[in-house]
Amino acid sequence: MAKLASLSDDNFDTEVLASDQPVLVDFSAEWCGPCRQLAPVVESLAEEYAGKVRFYAVDVDQARATAMRFGIASVPTLMVFKGGQVVAQLVGARPRAELAKTLDQVIAS
C-alpha cells in the first residue's frame, strides 16, 4: 500500500479546499500509537476510493498552523472536505466500516 501524500501549511488550501473531489485528511502525529494503527486502514480506503475521494495526511507537529486552524485537539482526527467545507469529522481510531460509510454518504450527497 502506498503512503498518503503529506500536506503542509503551504499547500493545504490548494490541495484540499480547492479540490473538485471530496478529500479525506488524516491529521496525525509520528508519536501517536492509535494514528499508526489507523494508517493502514486509511491507506486501504485510499486504494478502494481512488478516483472518488482524495486522501492526504497532515502531521500536526509539522503543519501546526493548519492543525490550529481546524481545531485539532486530539489525534488521530479524520476530516472529510467537500466543496472547501468540512462535511464530516471523526476523532480517534474508528472501524473501517464506519469510515467507509462516512465516505459513501459524502459521495452520495
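What you are looking at is a predicted structure, and each value in this text was computed from that prediction instead of being measured. (Residues numbered from 1 in each chain as written. Predicted model: local features only at pLDDT ≥ 70, side-chain atom pairs only at ≥ 80, totals over all residues. Heavy atoms only, no water.)

A. Layout of the overall build of the protein. Of the regular secondary structure elements, the protein holds four helices and five strands. Of the regular secondary structure in the protein, the N- to C-terminal order runs β-α-β-α-β-α-β-β-α. Relative to a compact globule of 109 residues, whose C-alpha radius of gyration would be 13 Å, the protein shows 12 Å and is just as compact. With the C-alpha coordinates of the protein rotated into their principal frame, the extents come out at 35 × 30 × 25 Å. Long-range pairs, those at least 24 residues apart, make up 73% of the contacts in the protein between residues at least 6 apart in sequence. Working note: accessible area of the protein is about 5800 Å², and carbon and sulfur atoms make up 51% of it. When the 10 positive and 14 negative side-chain charges of the protein are each reduced to one mean point, those points stand 5 Å apart. (Helix = DSSP H or I, 4+ residues; strand = E, 2+ residues; numbered from the N terminus. Rg over C-alpha atoms; globule rule 2.2 N^0.38 Å. Contact = heavy atoms within 4.5 Å. Areas by Shrake-Rupley, 256 points an atom, 1.4 Å probe, with all protein chains shown as cover. Lys, Arg positive; Asp, Glu negative; His and termini not counted. Charge placed at Lys NZ, Arg CZ, Asp CG, Glu CD.)

B. Molecular detail of the sheet that holds strand β5 (residues 85-91). Across the sheet, which stays open at both edges, the five strands sit in the order β1-β3-β2-β4-β5 with mixed pairing between neighbours. Edge positions in the sheet fall to β1 (5-6) and β5, since each of these pairs with one other strand and no more. Bridging between strand β2 (residues 23-28) and strand β3 (residues 54-59) involves six bridges; their strand directions are parallel. Counted as the bridge partner of L24 is F55 from β3. Relative to strand β4 (residues 77-82), helix α4 (residues 96-108) is tilted by about 15 degrees, and along the sheet it contacts β2, β3, β4 and β5. (Pairing = 2+ DSSP bridges. Axes fitted to C-alpha atoms, helices over the stretch in contact; angles between N-to-C directions.)

C. Representation of the side chain of S44. Note that S44 resides in helix α2 (residues 33-48). A relative accessible area of 17% means that S44 is categorised as buried. For S44, the side chain forms a polar contact with the side chain of R96, separated by 3.2 Å. (Buried < 20%, exposed > 50% of the residue type's maximum accessible area, 1.4 Å probe, protein only. Polar contact = N/O pair within 3.5 Å; in protein donor to acceptor, adjacent residues only side chain to side chain.)

D. Highlighting the packing of aromatic side chains. All told, the structure shown has five aromatic pairs when counted by the stated rule. Ring geometry for F12 against F81: centres 5.7 Å apart, planes inclined by 75 degrees, an arrangement best described as edge-to-face. Pair noted here: F12 is in helix α1 (residues 12-17) and F81 is in strand β4, with a separation of 69 residues, a long-range link. An identical accessibility class is assigned to F12 and F81; each is buried. Measuring from ring centre to ring centre gives 6.4 Å for F27 and F70, while their planes differ by 45 degrees; the resulting arrangement is tilted. Of the two residues, F27 is situated in strand β2 and F70 in the loop between α3 (64-69) and β4; the sequence distance between them amounts to 43 residues. The pair F27 / F70 is uniform in exposure class, with both members buried. A network of ring pairs unites the aromatic residues F12, F27, F70 and F81 as a single cluster. (Phe/Tyr/Trp six-rings, centres within 6.5 Å; stacked < 30°, edge-to-face > 60°.)

Just geometry here; none of it tells us what the structure is for.
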